[in-house]
Amino acid sequence: MSLPVPVVWSEDCLRHEPGGEVWLGVRDEGTEVPARALVLRAALTAAGALVVPAVRHGDEILRTVHDPELVDHLAGVWRDWEAAGLPAGYGRDRVVPYVFPTAGMLAGLPERSPPAVHGRAGLYCYDTMTLVGPGSWPAIRGAADAALTAAGLVCSGERLAYALCRPPGHHVTRRAYGGSCYLNNAAIAAQALRAAGAGQIVILDIDAHHGNGTQMIFYDRADVWYGSLHVDPGAGWFPHYAGYPEERGRGEGEGFNRNRPLAPGAGDDDWLAALSALCDEARALEPDAVVVSLGLDAAATDPESPLCVTEAGYRTAGRLVAALAPTVLVQEGGYDLASLGGLAVAVLSGAAEGAGLRASS
Ligand SMILES: [Zn+2]
């Protein structure tokens, strides 16, 4: 039997070695490691999925979704960090910001781009957990290319495609990165589908954490509806500042954003009930295409969230979302190396069923 879902992959995604994360002032090992991608690729290959190399795309869609200054910053910040002597002279082996120009700090002053790279690092990054090293940019770009390639497959008639993106992306806003994410791969896929002629897009974010970046990128737009189920930020979970039910969109986007926070400890029943409600709402929009922010960190085994979803739950989720319309699945979180592969096979098998695809024998 073979899993009838193309797995789009860029070898460059392995080059990002964040070297841990600074959480609450202490550098930990971190869980967003290259081995995640290897485990996912191995499990999907073993299940018979075809691996499709990501095709290099131009920057147009990246620079539509994101402020071009953010893209330029990410492309050059390691080079500037090295040129400033920070790794060799000061033992700073990764880019970590230490000052952030918050609204409270500036109090109305214009936002400048300081010449010193260690000052500038906090202009485009909102936390201390999202480190940049020498191989980060090629990996970030490779993940974006995987998302663009998967979107292209769906545009050219595939019913389903999966982008094995690493690093993940849904915490990146138009102008700021964080949450172990650098460019917003799901938003890039959605924008590519729009550019190729799809009218109404639905994004379903089933990562355990709220996709604050994706929400805010499309917050003022009606052409891309965003729905998320995630652990309640009000119960003390990242991203803390977004993901609440009252966030419903703005202006033309009013009513095109839906958050369904869940209590810590929620399992299959609550999670799938919330997802079904999101799917009902999405179906009413008669979407031309669906983008799934596929986090596998809602699993009970995952160290990064308190949700308790099972493999069977993920399989049902795949079936529900892929039944809606042609679907691009974009990898987000998921950190338990022992269970990650089984979860990915489960959700993609469910998606194939939902899309009406038959496994070839
Ligand atoms: Zn997550």
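Above this text you will find the structure in question.
Residues numbered from 1 in each chain as written. Predicted model: local features only at pLDDT ≥ 70, side-chain atom pairs only at ≥ 80, totals over all residues. Heavy atoms only, no water.

1. Side note on the nonpolar core
Then comes step 1: With 105 residues, the main nonpolar core has Tyr162, Trp271 and Tyr314 as its most contacted residues.
Then comes step 2: Among the elements that take part in this core, helix H7 (residues 136-155) stands out by supplying nine residues, more than any other.
Then comes step 3: Not counting residues within four places of it along the chain, the set of residues in contact with Tyr162 comprises Val5, Pro6, Val7, Val8, Leu40, Leu44, Ala150, Leu294, Leu329, Gln331 and Leu348. (Core = buried A, V, L, I, M, F, W, Y, C linked by side-chain atoms within 4.5 Å. Buried < 20%, exposed > 50% of the residue type's maximum accessible area, 1.4 Å probe, protein only. Helix = DSSP H or I, 4+ residues; strand = E, 2+ residues; numbered from the N terminus. Contact = heavy atoms within 4.5 Å.)

2. Quick notes on the state of the cysteines
Then comes step 1: Under the counting rule described, the total for this entry stands at zero disulfides.
Then comes step 2: The cysteine Cys13 is free of any disulfide, with Cys165 supplying the nearest cysteine sulfur at 6.4 Å.
Then comes step 3: Here Cys165 falls in the buried class, since its relative accessible area comes to 1%. (Disulfide = S-S within 2.5 Å.)

3. So, the packing of helix H11 (residues 311-322) against helix H12 (residues 340-354)
Then comes step 1: For the pair H11 and H12, interaxial distance at closest approach is 6 Å and the crossing angle is 35°. The crossing of H11 and H12 is right-handed. For the pair formed by H11 and H12, the contact residues are Glu311, Tyr314, Arg315, Gly318, Arg319 and Ala322 on the first element and Gly342, Leu343, Ala346, Val347, Ser349, Gly350, Ala351, Glu353 and Gly354 on the second.
Then comes step 2: Across the contact of H11 with H12, the residue classes tally to six nonpolar, five polar and four charged. (Axes fitted to C-alpha atoms, helices over the stretch in contact; angles between N-to-C directions. Left-handed = near helix turned anticlockwise from the far one by under 90°. Nonpolar A, V, L, I, M, F, W, Y, C, P; charged D, E, K, R; others polar.)

4. What to know about the packing of aromatic side chains
Then comes step 1: As enumerated under the stated definition, the model contains two aromatic pairs in all.
Then comes step 2: A centroid spacing of 4.9 Å and a plane angle of 55° characterise the contact between Trp271 and Tyr314, whose relative ring orientation is tilted. Highlighted residues: Trp271 in helix H10 (residues 268-284) and Tyr314 in helix H11, separated in sequence by 43 residues. Each member of the pair, Trp271 as well as Tyr314, is classed as buried. (Phe/Tyr/Trp six-rings, centres within 6.5 Å; stacked < 30°, edge-to-face > 60°.)

5. Focus on the pattern of salt bridges
Then comes step 1: In total, this model carries 23 salt bridges according to the counting rule given.
Then comes step 2: Where Arg120 meets Asp80, a salt bridge forms, and the shortest distance between an N and an O atom there is 2.9 Å. Of this pair, Arg120 sits in helix H6 (residues 117-120) while Asp80 is found in helix H3 (residues 68-83), placing the two residues 40 residues apart along the sequence.
Then comes step 3: Its relative accessible area of 14% is what places Arg120 among the buried residues.
Then comes step 4: Taking the shortest distance from any N to any O, the salt bridge between Arg315 and Glu353 comes out at 2.3 Å. In this pair, Arg315 is assigned in helix H11 and Glu353 in helix H12, connecting sequence segments 38 residues apart.
Then comes step 5: A single salt-bridge network, built from bridges that share partners, covers Arg56, Asp59, Arg63, Asp72, Arg141 and Asp145. (Salt bridge = Lys/Arg side-chain N within 4 Å of Asp/Glu carboxyl O.)

6. Describing H10
Then comes step 1: Here H10 spans 24 Å end to end across 17 residues, near enough to the 24 Å set by a 1.5 Å rise per residue.
Then comes step 2: For H10, the full list of buried residues reads Asp268, Trp271, Leu272, Ala274, Leu275, Leu278, Cys279 and Ala282. Down the axis, H10 shows its buried residues gathered within 160° of arc, on one side only. Counted as exposed and oriented over 90 degrees from the buried face of H10: Asp269 and Ala284. (Expected span 1.5 Å × (residues − 1). Arc of directions from axis to C-beta.)

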